[in-house]
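# Residue-level structure breakdown
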Amino acid sequence: PGDQNRRELLEIRAAGERATGLTRQLLAFARKQVLSPTVLDLCEVVRVMEGMLRGLIGEHIELRFRSEKEPLWVRADRSQLEQVMLNLVLNARDAMPRGGVVDINLCDIEIDEAQTSRLELARPGAYARLVVTDNGSGIDPQDRPHIFEPFFTTKGIGSGTGLGLATVYGIVRQSGGSVTVESTPGEGSSFVVVLPMAEGQAPRVEEAQVGAIDLPGGAETILVVEDDAGVRRAVVKTLAQLGYTILEAADGDAALRVAITHTGPIHLLLTDVVMPGQSGPELAKRFFADRPSASVIYMSGYSAEADTTKSPPGPLLQKPFSPHELAERVRSVLDGVARRLL
Ligand SMILES: Nc1ncnc2c1ncn2[C@@H]1O[C@H](COP(=O)(O)OP(=O)(O)O)[C@@H](O)[C@H]1O
Ligand SMILES: [Mg+2]
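Notes on the structure in this doc start here. (Residues numbered from 1 in each chain as written. Chains lettered and ligands numbered in written order. Predicted model: local features only at pLDDT ≥ 70, side-chain atom pairs only at ≥ 80, totals over all residues. Heavy atoms only, no water.)

## Here's the deal with the pairing of strand S10 (residues 268–272)
- Most of S10 sits inside the fold, with five of its five residues counted as buried.
- Here S10 shows a buried face lined by Leu268, Leu270 and Asp272 and a second buried face lined by Leu269 and Thr271.
- Bridge count for strand S8 (residues 221–225) against S10 is four bridges, and the pairing is parallel. Residue Val224 lies in a different strand from S10, and its bridge partner there is Leu270. (Buried < 20%, exposed > 50% of the residue type's maximum accessible area, 1.4 Å probe, protein only. Helix = DSSP H or I, 4+ residues; strand = E, 2+ residues; numbered from the N terminus. Pairing = 2+ DSSP bridges.)

Right under this line is the structure:
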């Protein structure tokens, strides 16, 4: 009977976690109506994400990125493209539990009449092509016709929402492109995305640059506390690129030492929730005792955390997050604090 209770508890928790993932995906769907497409260099979009993706997939998987042509101007929404990258790369990771290689390849291609109808594209012409290849499990031929359907998943309860590829499909079609897959069971899969090149539309240089510097930055000082070195590196790199001064620590004790020895202001504590030693919320309490005007953002993974019923007492950034989400959230929390102090 004890076992039975425990199983029920686990299942309830899994359902809760799945709902969280689901809500986030649906928000991504909803958000796309608000954000407007600009002319972006697809190479730059991927490059900005590279560090973060590397951190997310872990050290047992190698990430390779190659671009055969630069720039590749496409008309799309940056955070939507990031969503596409995230979903394809996380699926590749899930397909390689014992490690492997994810290859991201970008190039330009000419699409002719015959391919246009095969790929259900509006017109032939110049396209940018993104290929994400893994050498993982591959896709069962029986599953193959269903993988882009919403809610189709072969992953266990709590780990798959079945919305990743449906999201990718929605975004790519909305941007006038197509997504196809080639896969050999036991050998791996290749997801191929093509997007119409924006060149024919004579993108203005200023418009393109607005796209490139889309992420909001700042000059404040941020203390990043995260025990996963890959994620920490990715976050630190992204924020440093945006102009922030970064202090970093691998756990709560190290973070408090940094906070005591650093003589300048620390405007924001960006901390993992669950870490070896003291937790994020425990760290924050001690940190605020000395620096009461600072603010905090918690980072948390939705499947790994021990107790999902207890959400941290402050703004939460769900992993995996994109550089765009990170930049936006940091800026909005810092601005919120600035307003409160006025
Ligand atoms: N790179 C891949 N290798 C093997 N199978 C994949 C890959 N990408 C997607 N799939 C299959 O497609 C299904 C649907 O993917 P997705 O829509 O992202 O949902 P989820 O990842 O939540 O299961 C997965 O459950 C898996 O069976
Ligand atoms: Mg997925």
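## Some remarks on the site of ligand 1
- The environment of ligand 1 is formed by 20 residues, the closest being Thr153, Thr154, Lys155, Thr161 and Leu165.
- Thr154 places a side-chain nitrogen or oxygen 2.5 Å from an oxygen atom of ligand 1.
- The backbone of Gly162 places a nitrogen or oxygen atom 2.9 Å from an oxygen atom of ligand 1.
- Considered on its own, ligand 1 offers 540 Å² of accessible surface; in the complex 94% of this is hidden by protein.
- When residues of the shell around ligand 1 are traced back to their parent elements, those giving at least two are helix H3 (78–94), helix H5 (164–174) and strand S7 (188–196).
- Classifying every residue of the shell around ligand 1 gives eight nonpolar, 10 polar and two charged. (Near = heavy atom within 4 Å. Polar contact = N/O pair within 3.5 Å; in protein donor to acceptor, adjacent residues only side chain to side chain. Areas by Shrake-Rupley, 256 points an atom, 1.4 Å probe, with all protein chains shown as cover. Nonpolar A, V, L, I, M, F, W, Y, C, P; charged D, E, K, R; others polar.)

## Topic: the nonpolar core
- Residues Ile104, Ile222, Val235, Leu239, Leu270, Leu326 and Val330 are the most contacted members of the largest nonpolar core, which totals 67 residues.
- Element by element, the count of residues in this core is highest for helix H2 (residues 42–57), at 10 residues.
- A domain-level breakdown of this core finds at least three residues from each of domain 1 (2–204) and domain 2 (221–341).
- The contacts of Val235, once residues within four sequence positions are left out, are Met52, Val224, Leu270, Met299, Phe321 and Leu326.
- Ranked by size, the runner-up nonpolar core spans 18 residues in total, among them Ala254, Ala255, Leu256 and Ala259. (Core = buried A, V, L, I, M, F, W, Y, C linked by side-chain atoms within 4.5 Å. Domains from an automatic or database assignment. Contact = heavy atoms within 4.5 Å.)

## A short note on the packing of H2 against helix H7 (residues 229–241)
- One way to put it is that H2 packs onto H7 with a least axis distance of 7 Å and a crossing angle of 165°. It follows from the interaxial angle that H2 and H7 lie roughly antiparallel. H2 and H7 meet at a crossing whose hand is left-handed. Contacts from Gly51, Met52 and Gly55 of H2 reach H7 at Gly230, Val231, Ala234, Val235, Lys237 and Thr238.
- Of the residues that constitute the contact of H2 with H7, the class distribution is four nonpolar, four polar and one charged. (Axes fitted to C-alpha atoms, helices over the stretch in contact; angles between N-to-C directions. Parallel < 35°, antiparallel > 145°, perpendicular 65-115°, else oblique. Left-handed = near helix turned anticlockwise from the far one by under 90°.)

## Details of the pattern of salt bridges
- If you walk through the whole model with that rule in mind, you get 13 salt bridges.
- In this structure, the salt-bridge partner of Glu248 is Arg232, at a minimum N-O distance of 3.1 Å. Of this pair, Glu248 sits in strand S9 (residues 245–249) while Arg232 is found in helix H7, placing the two residues 16 residues apart along the sequence.
- Overall, the relative accessible area of 16% leaves Arg232 in the buried class.
- A salt bridge links Asp335 to Arg331; the shortest N-O distance between them is 2.7 Å. (Salt bridge = Lys/Arg side-chain N within 4 Å of Asp/Glu carboxyl O.)

## Section: the side chain of Ser67
- Take Ser67: it is sitting in strand S2 (residues 61–67).
- Polar contacts involving the side chain of Ser67 include one to the main-chain carbonyl oxygen of Lys69, which spans 2.9 Å.

## Concerning the environment of Glu226
- For Glu226, the location among the structural elements is in the loop between S8 and H7.
- On the basis of relative accessibility, which here comes to 1%, the residue Glu226 falls in the buried class.
- Taking the C-alpha atoms as reference, Glu226 lies 8.7 Å from Val273; in sequence the two are 47 residues apart.
- Other than its neighbours up to four places away in sequence, Glu226 contacts Val231, Arg232, Ala249, Ala250, Asp272, Met299 and Lys319.

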